[in-house]
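Residue-level listing of the chains:
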Number of protein chains: 2
Amino acid sequence: MAKNFIYLCEMLLSPSQENYLKAIYKLEAREGIATNQALAALVEATPASVTNMLRKLTDAGFAEYEAYQGATLTAAGRNEAVTLVRKHRLWEVFLVEKLQYDWDAVHALAEELEHIGGDELINRLDAFLDHPAYDPHGDPIPNAKGVVRTRQHAIAASDAKEGDVFVVCGVRDSSSLFLQHLDKLNIALGKAYTLKECLEFDRSAVWVEQEGALTNVSNEVAKNVLIQLTDE
Amino acid sequence: MAKNFIYLCEMLLSPSQENYLKAIYKLEAREGIATNQALAALVEATPASVTNMLRKLTDAGFAEYEAYQGATLTAAGRNEAVTLVRKHRLWEVFLVEKLQYDWDAVHALAEELEHIGGDELINRLDAFLDHPAYDPHGDPIPNAKGVVRTRQHAIAASDAKEGDVFVVCGVRDSSSLFLQHLDKLNIALGKAYTLKECLEFDRSAVWVEQEGALTNVSNEVAKNVLIQLTDE
DNA sequence: GCCTTTTTTTAGTCATGGCTAAAAATTTTA
DNA sequence: TAAAATTTTTAGCCATGACTAAAAAAAGGC
């Protein structure tokens, strides 16, 4: 009877555990493997705390963990992580679209909100927001089944060539500092530009808006802006 | 310098601490004094845990607490508690109005959401919802300054007399069980009725809807339904 | 292949917020 | 007013999730 209970009762994760799963998920995507140290940096804890938590997540069946080999997610763990990403991004859409927050101010709040409630809440929020495909930073929102559609044809703006016509569709850096810098440059998601000129000296570039306004974009900025080339 | 920091840095409360403040607030309103035992029941903990927490809240300046005398809130504590009530009720409005939840299903979620974020978030939510005055259960929502407008002229339906015409404006019991029972009786906030007959035998009553439908309402139900008598 | 450096783990602590069981204080009853 | 019942507190314990400092393991340099 007690054994049955274990099977019937869905495993509950603490917010802290959820953050670790999300961190492993991000690192798997970024560098293939989640080292102890990288995890410590992401969750803002010490490596010792990470070891401790990884053991728990492994015991609970959400991660695979071999000493000195780094962590990977199990199917269950990946599922949790994707759901968290979904929740995070949907709340960001809500905060920007409905509560009129600036795109650079929503991360911390979404980080709190993503731990609330279960599938019911998030699916209702999704419907209320009209099933958005992207969050305010251009990142794709996993659907209710956990499928993440990867952004097609997106490249870093630093890889564009003179004469290219493109639309800004995402950012690599979602920090408030970077996003506010884009605001100052008048660069926003969905805007179209033509790359007028690449300057060899500092690898910066001159972008032309459709209305003719010129923007000088440093290579450091361009590396963190994602674009889609358009046909013409 | 360190001393200044204390003055400048707003005191942060844990979710658990916030729940205690809310509980004291409710008990103060309901019975004037918050006994240790009543608090234990409300926050679902043991009296020993309550003693423990009350000492912390007293040290932090949010409650006054004399051994064996029960707890009261300080101005700071009351302020926190009212803000929590405001957050709770605004989230309930959001869940019912925007996410189409049933009124009997929102309490637990609002209980989680009320601990998220600060004034900025809740004031934006308030504006988004168009500054609602009442939550889905008819309870008044404190404004941004912490002013709670008490419901005027509300009485228990069990105090109505034969021939009285009234509008349902609130409930005393927000449990899912009771609210679903009201659903079955077709009783909802804002609906108008005439009290056709009081039955002496079991103190139940017959209500007539404007469209003529009859509802038999037990005294137990009537005691938990709040109404406003209308002129005619 | 050994020595140094880096990474990870162990061991021991701490704060939070619970718990139980027993003791103490208060209130009620007779 | 004294005994009984209730309420509150104390004392000691537990789990979670952090931390530090030291030990151990792995990786790199030569």
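The structure displayed is predicted, hence computed values, not measured ones.

Reading the values: the criteria
- Residues numbered from 1 in each chain as written.
- Chains lettered and ligands numbered in written order.
- Predicted model: local features only at pLDDT ≥ 70, side-chain atom pairs only at ≥ 80, totals over all residues.
- Heavy atoms only, no water.
- Near = heavy atom within 4 Å.
- Polar contact = N/O pair within 3.5 Å; in protein donor to acceptor, adjacent residues only side chain to side chain.
- Helix = DSSP H or I, 4+ residues; strand = E, 2+ residues; numbered from the N terminus.
- Nonpolar A, V, L, I, M, F, W, Y, C, P; charged D, E, K, R; others polar.
- pLDDT = per-residue confidence, 0-100.
- Contact = heavy atoms within 4.5 Å.
- Axes fitted to C-alpha atoms, helices over the stretch in contact; angles between N-to-C directions.
- Parallel < 35°, antiparallel > 145°, perpendicular 65-115°, else oblique.
- Left-handed = near helix turned anticlockwise from the far one by under 90°.

K.L.:
Can you walk me through the protein's contact with DNA strand C in this structure?
P.N.:
The full set close to DNA strand C counts 20 residues, and Asn-36 and Tyr-65 of chain A together with Ser-14, Ser-16 and Ser-49 of chain B are the nearest of them. In the model, a phosphate oxygen of DNA strand C is placed 2.5 Å from a nitrogen or oxygen of the Asn-36 of chain A side chain. Ser-16 of chain B is positioned with one of its side-chain polar atoms (N or O) 2.5 Å from a phosphate oxygen of DNA strand C. Contributing elements (two or more residues each) for the surface near DNA strand C: helix 3 (36-43) and helix 4 (47-59) of chain A together with helix 2 (15-31) and helix 4 (47-59) of chain B. Counting residues per element, the surface near DNA strand C draws most heavily on helix 4 of chain A, at 4 residues. Its residues placed into classes, the surface near DNA strand C shows 9 nonpolar, 8 polar and 3 charged.

K.L.:
Is there a simple way to think about the confidence of the model for chain A in this case?
P.N.:
For any part of a model where pLDDT is low, the fine detail of the predicted coordinates should not be relied upon. Summing up the model confidence of chain A, the mean pLDDT is 91 and the portion of residues at 70 or higher is 95%. pLDDT under 50 marks residues 1-9 of chain A. Its contacts with residues more than four places away, or in other chains, come to 0 contacts.

K.L.:
Just checking my understanding: could you explain the packing of helix 2 (residues 15-31) of chain A against helix 3 of chain A for this structure?
P.N.:
Axes are the key here: two packed helices are described by the angle between their axes and the distance separating the axes. Residue and element names in this part refer to chain A. Close contact between helix 2 and helix 3 brings their axes to 10 Å; oriented N to C, the two are set at 125°. When the axis of helix 2 is compared with that of helix 3, the two are oblique. Judged by the twist between their axes, the crossing of helix 2 over helix 3 is right-handed. Side by side, helix 2 and helix 3 meet where Asn-19, Tyr-20, Ala-23, Ile-24, Lys-26, Leu-27 and Arg-30 of the first sit next to Ala-38, Leu-39, Leu-42 and Val-43 of the second. The residue makeup of the contact of helix 2 with helix 3, split by class, is 8 nonpolar, 1 polar and 2 charged.

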